[in-house]
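Chain and residue survey
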Amino acid sequence: HNLTTFKDLGLASSILDALLAEGYETPTPIQVETIPVTMSGRDVLGIAQTGTGKTAAFVLPQLNAMANGRKGAPARSATVLILAPTRELAAQIAEAIETYGRALKPSVVTVIGGVKAGPQARAMARGADFLVATPGRLLDHMQTGAVTLSGVKTMVLDEADQMLDLGFMPALRKILEKLPAQRQMLLFSATMPKLIRKLASEFLRNPAEISVAP
């Protein structure tokens, strides 16, 4: 594995250029394992801590699909939905998408609590390539009809165990039940408590299990 480069993973040249500009040449173990599996369309259950490079592991395949001509989302929906437990993590993920995707200029909307809902709803009216959200605020927008999950092709659940700790489980379940039947799902968690295992077995289909030590 130590000889693998990002190029070996089959990523589009515009993405490779962005990675190189950031000084990234060698993928981390979770990137080596996750990127090809995700690009093949499989669901992923990943056990990984923060700091393992997991954000790029799930962002890069989505940008790659865009580079390969994947269609944009319908109004009020997103092609890729990424759920994070905190505003800070949501902001970091959105920043990563813009950094690695700079040649592709994806539309990225961040839907989080603690800021006005109006501008978020207006940003979603056109549809987005990426919607990065915290569960509570996303659910609010779904209930008002400002956001629909009908166009979601890939859903990423990041730091699932932290969502559990923060009491987001009921909101999360409501969100997952509204996903299209045909979708790819990636769930990442640092630990695998029973409730997360249960969630994974309910909403993931034959996932590739990837476990990476920090």
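Residues numbered from 1 in each chain as written. Predicted model: local features only at pLDDT ≥ 70, side-chain atom pairs only at ≥ 80, totals over all residues. Heavy atoms only, no water.

1. Some words on the side chain of R137
Among the secondary structure elements, R137 is positioned in helix α6 (residues 135–144). Buried R137, no salt bridge; nearest opposite-charge side chain is D140, N-O distance 4.0 Å. In contact with R137, not counting residues within four places along its chain, are V111, I112, G113, G114, V115, K116, A117 and Q120. (Helix = DSSP H or I, 4+ residues; strand = E, 2+ residues; numbered from the N terminus. Buried < 20%, exposed > 50% of the residue type's maximum accessible area, 1.4 Å probe, protein only. Lys, Arg positive; Asp, Glu negative; His and termini not counted. Salt bridge = Lys/Arg side-chain N within 4 Å of Asp/Glu carboxyl O. Contact = heavy atoms within 4.5 Å.)

2. Overview of the packing of aromatic side chains
Each aromatic ring pair is summarised here by two numbers: the centre-to-centre distance and the angle between the ring planes. If you walk through the whole model with that rule in mind, you get two aromatic pairs. Look at F58 and F188: their rings are 5.6 Å apart centre to centre, the planes differ by 35°, and that puts the pair in the tilted class. A residue pair is termed long-range when its members are at least 10 positions apart, and F58 in helix α3 (residues 54–67) and F188 in strand β6 (residues 184–189) qualify at 130 residues. Judged by relative accessible area, which is 0%, F188 ranks as buried. (Phe/Tyr/Trp six-rings, centres within 6.5 Å; stacked < 30°, edge-to-face > 60°.)

3. Let's talk about the environment of N206
Assignment of secondary structure puts N206 in the loop between α9 (194–203) and β7 (208–211). With a relative accessible area of 60%, N206 lands in the exposed category. In the structure, N206 is positioned 162 residues away from V44 in sequence and 8.4 Å away in space, judged by C-alpha atoms.

4. Here we look at the nonpolar core
A general trend in soluble globular proteins is that nonpolar side chains are found buried together. Counting 37 residues, the largest nonpolar core has L60, I82, I93 and I97 as its most contacted members. For this core, the secondary structure elements donating two or more residues are α1 (13–21), α2 (29–39), α3, β2 (78–83), α4 (87–100), β4 (128–133) and β6. If near-sequence neighbours (up to four positions away) are discounted, I97 is found in contact with V59, L63, I82, P106, V108, F130 and V132. (Core = buried A, V, L, I, M, F, W, Y, C linked by side-chain atoms within 4.5 Å.)

5. With respect to the layout of surface pockets
Space inside the largest pocket adds up to approximately 370 Å³. Contributing to the lining of the largest pocket are 21 residues, with Y24, G53, T55, A56 and Y100 lying nearest its centre. Secondary-structure elements contributing two or more residues to the lining of the largest pocket are α3 and α4. In terms of residue count, α4 provides more of the lining of the largest pocket than any other element does, six residues in total. (1 Å grid on protein atoms, 1.4 Å probe; cavity = no way out; pocket = protein on both sides within 12 Å on 5 of 7 lines; lining within 4 Å. Points joined across faces, edges and corners; volume = space filled by probe spheres on them.)

6. Brief notes about unusual backbone geometry
A positive phi angle, close to 65°, is found at R76, a residue other than glycine. With respect to the helices and strands, R76 occurs in the loop between α3 and β2.

7. Observations concerning the packing of α3 against α4
Look at α3 against α4: their axes get within 10 Å of each other, and the N-to-C directions meet at 45°. Classified by the angle between their axes, α3 and α4 sit oblique to one another. Crossing handedness for the pair α3 and α4: right-handed. Contacts between α3 and α4 involve T55, A56, F58, V59, L60 and L63 on the former and, on the latter, I93, A96, I97 and Y100. Counted by class, the contact of α3 with α4 contains nine nonpolar, one polar and no charged residues. (Axes fitted to C-alpha atoms, helices over the stretch in contact; angles between N-to-C directions. Parallel < 35°, antiparallel > 145°, perpendicular 65-115°, else oblique. Left-handed = near helix turned anticlockwise from the far one by under 90°. Nonpolar A, V, L, I, M, F, W, Y, C, P; charged D, E, K, R; others polar.)

8. A closer look at the sheet that holds β6
Here we have seven strands laid out as an open sheet, ordered β3-β4-β2-β5-β6-β1-β7, and parallel in their pairing. Each edge of the open sheet is held by one strand with a lone partner, namely β3 (108–111) and β7. Shown here is a sheet whose adjacent strand axes are inclined to one another by a mean of 15°, direction ignored. Sheet analysis places strand β5 (residues 154–157) next to β6, joined by four bridges and oriented parallel. Residue pairing in the sheet places V156 in a bridge with L186 of β6. (Pairing = 2+ DSSP bridges.)

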